[in-house]
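Summary of the model geometry
Take a look at the letters that make up each chain.
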Amino acid sequence: MTTAATELLTVPEVMARLKIGRSTVYDLIRSRRLISITIGRARRIPADAVRDFIARETEEAAA
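Everything in this summary refers to the structure shown in the same document. (Residues numbered from 1 in each chain as written. Predicted model: local features only at pLDDT ≥ 70, side-chain atom pairs only at ≥ 80, totals over all residues. Heavy atoms only, no water.)

Things to note about the overall build of the protein chain
Using the following cut-off: Strands are runs of DSSP state E lasting at least two residues, helices are runs of H or I lasting at least four, and both sets are numbered from the N terminus onward. We take the radius of gyration over the C-alpha atoms and set the globule estimate at 2.2 Å times the residue count to the 0.38 power. Three labels apply to residues, based on accessible area from a 1.4 Å probe with only protein chains included: buried if under 20% of the type maximum, exposed if over 50%, partly exposed otherwise in between. Residue contacts are counted whenever heavy atoms from the two residues lie within 4.5 Å of one another. Here the accessible surface of atoms and residues is derived via Shrake-Rupley with a 1.4 Å probe, and residues count as covered only by protein chains that are part of the display. Charge convention: Lys and Arg are scored as positive, Asp and Glu as negative, and His as well as the terminal groups of each chain are ignored. In plain terms, the charge of a residue is placed at NZ if it is Lys, CZ if Arg, CG if Asp and CD if Glu.
Across its full length, the protein chain holds 3 helices and 3 strands. Shown N-terminal to C-terminal, the secondary structure of the protein chain runs as helices and strands in the order β-α-α-β-β-α. Scaling as 2.2 N^0.38, a compact globule of 63 residues should have a C-alpha radius of gyration of about 11 Å, and the protein chain matches this with 12 Å. C-alpha atoms of the protein chain, sized along the principal axes, occupy 40 × 30 × 20 Å. Every one of the 63 residues in the protein chain was classed for burial, and the buried ones make up 24%. Restricting the contact set of the protein chain to residue pairs at least 6 apart, pairs at least 24 apart contribute 46%. Accessible surface computed for the protein chain: about 4500 Å², of which carbon and sulfur atoms make up 55%. Taking the 11 positively charged and 8 negatively charged side chains of the protein chain as two groups, their mean positions are separated by 8 Å.

Structural notes on the packing of helix H1 (residues 11–18) against helix H3 (residues 47–62)
Note the cut-off: For helices, the axis comes from a line fit to the C-alpha atoms of the stretch in contact; other axes are also lines fit to C-alpha atoms, and the angle between any two N-to-C directions lies between 0 and 180 degrees. For classification purposes, angles smaller than 35 degrees are called roughly parallel, those larger than 145 roughly antiparallel, those between 65 and 115 roughly perpendicular, and all remaining angles oblique. Take the far helix as your reference; a near helix turned counterclockwise from it by less than a right angle gives a left-handed crossing, and one turned clockwise gives a right-handed crossing.
It is at 11 Å that the axes of H1 and H3 come closest, and there the two elements cross at 30 degrees. When the axis of H1 is compared with that of H3, the two are roughly parallel. The handedness of the crossing between H1 and H3 comes out as right-handed. Note on element contacts: H3 touches H1 through Ala47, Val50, Phe53 and Ile54, opposite Val14, Arg17 and Leu18.

Quick look at the packing of H1 against helix H2 (residues 22–30)
The condition that has to hold: All amino acids are sorted into three groups, where Ala, Val, Leu, Ile, Met, Phe, Trp, Tyr, Cys and Pro are nonpolar, Asp, Glu, Lys and Arg are charged, and the leftover types, Gly among them, are polar.
The N-to-C vectors of H1 and H2 enclose an angle of 100 degrees; their axes lie 9 Å apart at closest approach. One finds that H1 runs roughly perpendicular with respect to H2. Judged by residue contacts, Val11, Pro12, Val14 and Met15 of H1 engage Arg22, Val25 and Tyr26 from H2. Counted by class, the contact of H1 with H2 contains 6 nonpolar, no polar and 1 charged residues.

Dropping the structure here:
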């Protein structure tokens, strides 16, 4: 993974990108459908994880 591909997003940034609420983002993290990491007390979601989530959901919806 390159440095450019390791962009980390905050929960509010993911909320804005997916147009969903805070609790839904945390539900996706809890259910392991969206990968996240914790740095200190901060939760961060790799941008690649958001793209992968969208791709998986799109594939499931098309099936």
